[in-house]
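Geometric and topological summary
Residue strings, one per chain:
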Amino acid sequence: MNMSAFDPSSFLDATIDTPTEKRPPIPVGDYTATIGEITVRPWQGKKDPTKSGIAYDIPLTVEIPADVQSALGITTSTLQFKDSIILDLTENGTIDNSPGKNRRLRMYREAADMNKPGDVFSARKLTGVVIKVKISHDIWEGQPIEKVDGVARF
């Protein structure tokens, strides 16, 4: 496709005459995943707009075993997931490393073997690291929704 002559807004008028189908959820369990490029974003509470902070969004490329692909009719060997970490911050606006704070960030650091005394860490260092993820299901409107429930060292 010649991208210089391509008009992305043409998709606004594109017509489709077949339904878009939902993929069946992968089974609850542990999978191998590769961490993609992490992004950071500000957030503000929906129920309480006075609450706000910073979050990391973590893209994960999850490997789907051949038997799961076959059982579910999935034609790809990987699926994309996104996990998010709402950061606990100090009054000065830095990441809070006091005991009990940033539990989810600690889990990722430990999964990547980057949480030892003396380790110099930044979120960007997680990019490309292979970890184990636990996929579970939440139920929303009677349907299972996949989510990353935990991470561990591969």
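Quick look at the structure, then. What you are looking at is a predicted structure, and each value in this text was computed from that prediction instead of being measured.

The biggest cluster of nonpolar side chains holds 30 residues, and the ones touching the most others in it are Ile26, Ile35, Leu60, Tyr108, Ile131 and Val133. Put simply, the parts of the chain that give this core at least two residues each are strand E1 (29-35), strand E3 (52-63), strand E4 (78-86), helix H2 (103-111), strand E5 (130-140) and strand E6 (143-153).

Turning our eyes to something else, we now look at the pairing of E3. Of the strand pairs in this sheet, E1 and E3 are connected by three bridges, and their pairing is antiparallel. Bridge pairing links Thr34 to Thr61 in E3. Note: strand E2 (residues 39-44) against E3, six bridges, orientation antiparallel. Its bridge partner lying in E3, Thr39 is registered against Asp57. Pairing analysis gives nine bridges linking E3 to E4, with the strands arranged antiparallel. Across the sheet, Thr61 pairs through a bridge with Gln80, a residue of E4.

Along the polypeptide, Ser136 turns up in strand E5. Those residues in contact with Ser136 that lie beyond four places of it in its chain are Val28, Ile145, Glu146, Lys147 and Asp149.

Attention shifts here to the pattern of salt bridges. Going through the model one piece at a time under the given rule, you end up with ten salt bridges. Between Arg23 and Glu146 there is a salt bridge, and its shortest N-O distance comes to 2.7 Å. Here Arg23 is found in the segment before E1, whereas its partner Glu146 is found in strand E6, with 123 residues between them in sequence. For Arg23, a relative accessible area of 31% translates into the label partly exposed. Assessed through its relative accessible area of 18%, Glu146 is described here as buried. A salt bridge links Lys116 to Asp113; its shortest N-O distance comes to 3.2 Å. A relative accessible area of 35% places Asp113 in the partly exposed class.

Listing the buried residues of H2 in full gives Arg104, Leu105, Met107, Tyr108, Arg109 and Ala111. Buried residues along H2 sit in contact with E1, E3, E4, E5 and E6. Asp113 lies just past H2 and shows a positive phi near 55°.

Our focus in this paragraph is the side chain of Arg109. For Arg109, the location among the structural elements is in helix H2. Ignoring anything within four residues of it in the chain, the contact list for Arg109 reads Asn97, Met114, Asn115, Asp119 and Phe121.

Our next topic: unusual backbone geometry. In this model, Asn102 sits at a positive phi of 55°, which is unusual for a non-glycine residue. We classify Asn102 as buried; its relative accessible area is 4%. Positive phi is not limited to glycine here, since Glu141 has a value of about 50°. Locating Glu141 in the fold gives a position in the loop between E5 and E6. Given the relative accessible area of 65%, Glu141 is considered exposed.

With that out of the way, let us pick up the environment of Ser9. Note on placement: Ser9 falls in the segment before E1. Sequence spacing of Ser9 and Lys101 is 92 residues, and the spatial spacing of their C-alpha atoms is 44 Å.

Rules used throughout
Residues numbered from 1 in each chain as written. Predicted model: local features only at pLDDT ≥ 70, side-chain atom pairs only at ≥ 80, totals over all residues. Heavy atoms only, no water. Core = buried A, V, L, I, M, F, W, Y, C linked by side-chain atoms within 4.5 Å. Buried < 20%, exposed > 50% of the residue type's maximum accessible area, 1.4 Å probe, protein only. Helix = DSSP H or I, 4+ residues; strand = E, 2+ residues; numbered from the N terminus. Pairing = 2+ DSSP bridges. Contact = heavy atoms within 4.5 Å. Salt bridge = Lys/Arg side-chain N within 4 Å of Asp/Glu carboxyl O.

Treat this as a map of the structure, not an account of what it does.
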